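The lines below spell out each chain.
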Amino acid sequence: MDVLGIDFGGTGIKAAPVNTLDGTLTQERFRIPTPNPATPDAVADVMRQLVEHFQWTGHVGCTIPSRVEHGLVRTAANIHEDWINTQVDNLFSGSTGCRVSVLNDADAAGLASMRFGAGRGLDGLVFFITVGTGIGSAMFYNQQLIPSTELGHLRLKGGSAEDYASNRIRKEKDLSWKKWAKRFQKYLDRVEFLFAPDTIIVGGGISRPAKVPEYWHFLSTKSDLIPAELENEAGIIGAAAAAAP
Ligand code: BGC
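Below or above, wherever it landed, is the structure these notes cover.

What counts and what doesn't
Here the residue numbering is sequential within each chain, running from 1 through the sequence in written order. Note on the predicted model: pLDDT of at least 70 is required for a residue's local features to be given, and 80 or more for side-chain atom pairs to be given and counted; whole-chain, interface and lining totals, by contrast, use all residues. With hydrogens and water set aside, each side-chain value is computed from the structure's full complement of heavy atoms. Every helix listed is a DSSP run of H or I at least four residues long, and every strand listed is a run of E at least two residues long, numbered separately from the N terminus. Partly exposed residues are those whose accessible area sits between 20% and 50% of the maximum for their type, while under 20% is buried and over 50% is exposed, using a 1.4 Å probe and protein chains only. Two N or O atoms count as a polar contact when they lie within 3.5 Å, although within protein this holds only if one can serve as hydrogen donor and the other as acceptor, and sequence-adjacent residues are included solely when both atoms are side-chain atoms. Here, residues are in contact when the closest pair of their heavy atoms is within 4.5 Å. Each Phe, Tyr or Trp ring, with Trp reduced to its six-membered ring, pairs with another whose centre is within 6.5 Å; inter-plane angles below 30 degrees give stacked pairs, above 60 give edge-to-face pairs, and intermediate values give tilted ones. We call a charge positioned above a ring when the Lys NZ or Arg CZ atom is no farther than 6 Å from the ring centre and deviates by at most 35 degrees from the ring normal. Pairing between strands requires that DSSP locate at least two bridges from one strand to the other. What a helix should span is 1.5 Å times the count of its residues minus one.

### Things to note about the side chain of threonine 63
Right, on to step 1. Along the polypeptide, threonine 63 turns up in strand β5 (residues 60-64).
Right, on to step 2. The exposure class of threonine 63 is buried, given its relative accessible area of 0%.
Right, on to step 3. A polar contact is formed between the side chain of threonine 63 and the side chain of aspartate 7, at a distance of 2.6 Å.
Right, on to step 4. In this structure the side chain of threonine 63 is engaged in a polar contact, spanning 2.9 Å, whose partner is the backbone nitrogen of phenylalanine 8.
Right, on to step 5. Residues within four places of threonine 63 in sequence aside, it is in contact with Ile6, Asp7, Phe8, Val102, Leu103, Asp105, Ala108, Gly235 and Ala239.

### Observations regarding the packing of aromatic side chains
Right, on to step 1. Under the defined criterion, the tally for this structure stands at nine aromatic pairs.
Right, on to step 2. Grouped by ring-pair contacts, the aromatic residues Trp177, Trp180, Phe184, Tyr187, Tyr215 and Trp216 constitute a single cluster.
Right, on to step 3. The ring centre of tryptophan 177 lies 3.8 Å from the NZ or CZ of arginine 170, which sits over that ring.

### Some details on the pairing of β5
Right, on to step 1. In terms of burial, β5 is largely enclosed, as five of its five residues are buried.
Right, on to step 2. Residues Val60, Cys62 and Ile64 point to one face of β5 and Gly61 and Thr63 to the other, with burial holding for every one of them.
Right, on to step 3. Strand direction decides the pairing type here: strand β1 (residues 2-8) and β5, joined by three bridges, are parallel. Pairing of glycine 5 across the sheet is with glycine 61, part of β5.
Right, on to step 4. The pairing of β5 with strand β8 (residues 100-104) spans five bridges and is classified as parallel.

### A look at the side chain of serine 137
Right, on to step 1. One can find serine 137 in strand β10 (residues 135-141).
Right, on to step 2. Its relative accessible area of 2% is what places serine 137 among the buried residues.
Right, on to step 3. A distance of 3.2 Å separates a polar atom in the side chain of serine 137 from the backbone nitrogen of glutamate 150.
Right, on to step 4. A polar atom in the side chain of serine 137 sits 2.8 Å from the backbone nitrogen of leucine 151.
Right, on to step 5. In contact with serine 137, not counting residues within four places along its chain, are Asn104, Ala106, Asp107, Phe128, Ile129, Thr149, Glu150 and Leu151.

### Focus: helix α6 (residues 177-195)
Right, on to step 1. Helix length check: α6, at 19 residues, gives a terminal C-alpha distance of 26 Å against a target of 27 Å (1.5 Å per residue), a fit within 8%.
Right, on to step 2. Considered for burial, the residues of α6 that qualify are Trp177, Trp180, Ala181, Arg183, Phe184, Gln185, Tyr187, Leu188, Val191 and Glu192.
Right, on to step 3. Downstream of α6 by a residue or two, alanine 196 has a phi angle that is positive, lying close to 45°.

### Description of unusual backbone geometry
Right, on to step 1. Omega for the bond connecting asparagine 36 with proline 37 falls within 30 degrees of zero, at 0°, which places this linkage in the cis form.
Right, on to step 2. Tracing the backbone through its elements, the reader meets proline 37 in the loop between β4 (30-33) and α1 (40-53).
Right, on to step 3. Even without being a glycine, glutamine 143 presents a positive backbone phi close to 75°.
Right, on to step 4. Along the chain, glutamine 143 turns up in the loop between β10 and β11 (144-146).
Right, on to step 5. Relative accessible area serves as the criterion here: at 27%, glutamine 143 is assigned to the partly exposed category.
Right, on to step 6. Of note in the backbone geometry, aspartate 174 takes a positive phi value of approximately 50° without being a glycine.

Without other data, these values stay purely geometric and don't point to any function.
The structure is reproduced here in structure tokens:
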């Protein structure tokens, strides 16, 4: 069945109806720039506009870049602090008139990858690590999502790992790909030391085919290390797949 998937990102909020059986978009994606400030009410209004654009009345699945437990937002590392303690599923259901379920952005992108992308058919312990403004993580054991791992906040070099090895830091500090890869390697070492996954899938903007050759040869892991597919659409597809009744 089709579910409207919505991906709440730092610069844009993107939506498209998704066939949740095969992970394809059934209409062209529509994007609205993320409001500034991206308060809960401002974002809830964008959700309403997206639902109106598709004249949607069915189920909606939406991502959020924070820890969310049963629809309740717990953290706000890269989003407006007003989000903390917001019951986001109720907020978005109220503004759209649809039944909305919400999950963490990395969990959603990981889920899309496991069902329809690079993680298809992979058993054992698989981590999906998405690298962008922050670092997000999703953990799967034999394809089953263990939600809300938040491994972007592992301690690394005296702070949060995402403040040392994210793509935002690479840009802000104007690091060469080699220098940034050294940082990301330290992060991967930590993840492997703690969990010894069978496979690590790397997602986010840095997993685009044009970017991968810049740094992949600097990385070395005991786990199989593979770039994600579906990059731009992964959040939309995973959010929809998770919300399918
Ligand atoms: C948030 C995570 C999110 C990640 C990627 C982190 O700062 O805590 O919830 O998955 O950024 O957006």
